[in-house]
Amino acid sequence: MTRPLQHIAFAALLLLGLTAGSCMKWDYGDTEEFEASGAGLFIVNEGNFQYGNASLSYYDPETRRVENEVFRRANGFKLGDTAQSMTVRNGAGWVVVNNSHVIFAIDPGTFREIGRITGFTSPRCIHFLSDEKAYVTQLWDNRIFIVDPKRYKITGYIECPGMTMESGSTEQMVQRGRYLFVNCWSYQNRILKIDTETDTVVGELTVGIQPTSLAMDCNGKLWTVTDGGYEDSPYGCEAPSLYRIDPETFTVEKQFRFNLGDAPSEVQLNGTGDTLYWINDDIWQMDVGAERVPVRPFLEFRGTKYYGLTVDPVRGDVYVADAIDCQQPGIVYRYSAAGELLDQFYTGVIPGAFCWK
């Protein structure tokens with residue numbers, strides 16, 4: 001994901017890219033046959049902005065085998081420019097490619113394309129409400145797009161209040177009942193509440209500067225973490241915080257404050273939803289009912305750049321993506337729930353997001 005380490009450059013270049021009609025040229029070539037296992041992990045490798053070197057990797061936890069560049073190898077053309085996220089639903093994997101303005105639908109076993117949705121501004125994440133309806137968040141757009149996945153069509157928009165096309169930003173989404181919650185990340189400080197039956201924003205909650213992620217725990221509580229912005233940011237800079245939010249009353253229940261200069265990100269939950277994980281140089285772990293953040297990390301910093309995080313919903317293993325220098329292939333480390341290193345493997349450039357099959 002495009003997070004604070006690339007934020008300034010990304011913001012400056014994105015408008016240029018959009019103005020110039022930045023898009024991928026889909027050059028088709030030879031293809032390979034794949035038949036992936038029933039359970040596995042997709043790694044979305046962001047690649048460098050405007051380099052067109054995004055890629056998709058696939059890891060089998062049972063065999064500990066990794067296949068890189070599976071999208072290009074299966075389809076005969078590159079994934080595109082700046083891959084952002086991926087979701088699997090009903091036998092299809094949906095890969096969001098931010099700066100190519102496209103979402104690909106693929107067969108998660110063969111990695112072959114089965115459809116695509118185009119026409120986005122700068123898509124970030126997709127959330128399914130049904131087989132016929134999904135929301136797609138955007139960077140630098142004051143709208144959330146409504147799509148029909150069956151027809152691969154954009155069908156409408158949700159106008160987000162308090163945003164312009166230049167400062168608009170919506171990111172991750174979680175749902176509870178008829179209401180969906182979305183964090184406004186870039187130069188924003190709000191969580192929005194959307195009525196999915198009317199496709200309208202019905203509430204907004206102010207938190208700290210730049211909430212970077214969103215998760216719903218086993219108690220139905222909403223979690224977000226803010227990065228606090230950066231020094232000399234036009235939006236300001238402050239100490240970041242971790243928030244626990246009651247979605248029923250849409251109020252902050254608990255605020256855990258970090259130090260100025262910290263950069264927490266990537267709030268994740270284990271499969272049972274009772275243990276929280278996040279990145280803040282180190283990898284941190286906390287029970288969702290805790291009254292204070294831990295004083296010692298779950299995994300200590302290895303001296304490079306932790307950039308992505310996920311937890312195996314069945315085994316409880318913790319996967320950490322290391323972007324290294326954001327130029328060479330990254331590394332993913334696999335740890336047990338007790339913190340024992342089980343495996344490590346190379347991926348594409350800037351592994352930033354994960355998706356369990």
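Residues numbered from 1 in each chain as written. Predicted model: local features only at pLDDT ≥ 70, side-chain atom pairs only at ≥ 80, totals over all residues. Heavy atoms only, no water.

Student: Would you mind going over the overall build of the protein in detail, with residue names and values included?
Tutor: Each helix and strand counted, the protein has two helices and 27 strands in total. For a compact globule of 357 residues, the expected C-alpha radius of gyration is about 21 Å, and the protein comes in at 19 Å, within 12% of that figure. Along the first, second and third principal axes, the C-alpha set of the protein runs to 55 × 45 × 40 Å. Each of the 357 residues in the protein was classed as buried or not, and the buried ones make up 59%. Restricting the contact set of the protein to residue pairs at least 6 apart, pairs at least 24 apart contribute 48%. Surface accessibility of the protein: about 14300 Å² in total, with carbon and sulfur atoms responsible for 47%. (Helix = DSSP H or I, 4+ residues; strand = E, 2+ residues; numbered from the N terminus. Rg over C-alpha atoms; globule rule 2.2 N^0.38 Å. Buried < 20%, exposed > 50% of the residue type's maximum accessible area, 1.4 Å probe, protein only. Contact = heavy atoms within 4.5 Å. Areas by Shrake-Rupley, 256 points an atom, 1.4 Å probe, with all protein chains shown as cover.)

Student: Which residues make up the confidence of the model for the protein, and what are the values?
Tutor: In this model, the protein carries an average pLDDT of 92, and 92% of its residues clear a pLDDT of 70 or more. Scored below 50 in pLDDT, residues 1–23 shows 55 contacts in the model against residues more than four places distant or in partner chains. (pLDDT = per-residue confidence, 0-100.)

Student: Before we move on, could you go through the pattern of salt bridges and cite the residues and values that matter?
Tutor: Scanning the entire structure with this criterion turns up 23 salt bridges. The closest approach of N and O atoms between Glu 33 and Arg 112, which form a salt bridge, is 3.0 Å. In this pair, Glu 33 sits in the loop between helix H1 (4–19) and strand E1 (41–45) while Arg 112 sits in the loop between strand E6 (102–106) and strand E7 (113–118), placing the two residues 79 residues apart along the sequence. We note a salt bridge from Glu 113 to Arg 116, for which the minimum N-O separation is 2.8 Å. Salt bridges sharing partners connect three or more residues here, namely Glu 32, Arg 65, Glu 67 and Arg 73. (Salt bridge = Lys/Arg side-chain N within 4 Å of Asp/Glu carboxyl O.)

Student: Tell me what's going on with the environment of Val 295, and back it up with residues and numbers.
Tutor: Mapped onto the elements, Val 295 comes out in the loop between strand E22 (282–287) and strand E23 (306–311). For Val 295 and Thr 82, which are 213 residues apart along the polypeptide, the C-alpha to C-alpha distance reads 35 Å.

Student: Can you break down the sheet that holds strand E15 (residues 200–206) residue by residue, with the values?
Tutor: In space, the four strands of this open sheet follow the order E12-E13-E14-E15, with antiparallel pairing throughout. The two strands at the open ends of the sheet, each matched to only one other strand, are strand E12 (173–176) and E15. The sheet shows a mean angle of 25° between the axes of neighbouring strands, taken without regard to direction. (Pairing = 2+ DSSP bridges. Axes fitted to C-alpha atoms, helices over the stretch in contact; angles between N-to-C directions.)

Student: How would you explain the packing of aromatic side chains if you had to name every residue and give the values?
Tutor: Across all of its chains, the model carries 21 aromatic pairs by this definition. Ring geometry for Phe 301 and Tyr 306: centres 6.2 Å apart, planes at 90°, overall edge-to-face. With centroids separated by 5.4 Å and ring planes inclined at 75°, the aromatic side chains of Tyr 319 and Trp 356 adopt a geometry described as edge-to-face. Separated by 37 residues along the polypeptide, Tyr 319 in strand E24 (residues 318–322) and Trp 356 in strand E27 (residues 351–356) bring together distant segments of the chain. Look at Tyr 319 and you get buried, because its relative accessible area is 0%. (Phe/Tyr/Trp six-rings, centres within 6.5 Å; stacked < 30°, edge-to-face > 60°.)

Student: An account of the sheet that holds strand E2 (residues 55–60) is requested, with residue identities and associated values reported.
Tutor: As summarised here, the arrangement of the four strands in space is E3-E2-E1-E27, forming an open sheet in which the pairing is antiparallel. Of all the strands in the sheet, the pair left with one neighbour each is strand E3 (65–67) and E27. Taking each pair of neighbouring strands and ignoring which way they run, the sheet shows an average axis angle of 25°. As defined by bridge partners, E1 adjoins E27 across five bridges and the pair is classed as antiparallel. Looking across to E27, one finds that Val 44 is bridged to Ala 353.

Student: Which residues make up the nonpolar core, and what values go with them?
Tutor: Phe 42, Leu 56, Leu 79, Met 86, Phe 104, Ile 106 and Phe 111 are the most contacted members of the largest nonpolar core, which has 22 residues in total. For this core, the secondary structure elements donating two or more residues are E1, E2, helix H2 (70–75), strand E4 (83–89), strand E5 (92–97), E6 and E27. Counting 14 residues, the second largest nonpolar core, distinct from the first, contains Leu 242, Phe 256, Leu 269 and Val 288. (Core = buried A, V, L, I, M, F, W, Y, C linked by side-chain atoms within 4.5 Å.)

Student: Would you mind going over the environment of Cys 218 in detail, with residue names and values included?
Tutor: Structurally, the position occupied by Cys 218 is in the loop between strand E16 (211–216) and strand E17 (222–226). Cys 218 gets classed as partly exposed once you look at its relative accessible area, which sits at 44%. In this structure, the C-alpha to C-alpha distance between Cys 218 and Thr 275, residues 57 residues apart in sequence, is 9.0 Å. Not counting residues up to four positions away in its chain, the partners in contact with Cys 218 are Thr 272, Gly 273, Asp 274 and Val 288.

Student: Any chance you could break down the pairing of E15 for me, citing the residues and the numbers?
Tutor: Relative to E15, strand E14 (residues 190–195) is paired through six bridges, and the arrangement is antiparallel. Within E15, the residue paired with Ile 191 across the bridge is Leu 205. What sits between E14 and E15 in their antiparallel hairpin is a turn of four residues, with Asp 199 showing a positive phi close to 55°.

Student: Provide a residue-level description of the environment of Ala 36, including the pertinent values.
Tutor: Along the polypeptide, Ala 36 turns up in the loop between H1 and E1. Each C-alpha atom of the pair Ala 36 and Thr 110 lies 6.4 Å from the other, and the pair is 74 residues apart in sequence. Contact partners of Ala 36, with chain neighbours within four places excluded, come to Tyr 58, Pro 108, Gly 109, Phe 111 and Lys 357.

Student: Outline unusual backbone geometry, supporting the account with residue identities and numerical values.
Tutor: Even without glycine at this site, Arg 64 takes up a positive phi of about 60°. For Phe 250, which is not a glycine, the phi torsion comes out positive at approximately 55°. Relative to the elements of secondary structure, Phe 250 occurs in the loop between strand E18 (241–246) and strand E19 (251–257). Accessibility expressed as a relative area gives 11% for Phe 250, which makes it buried.

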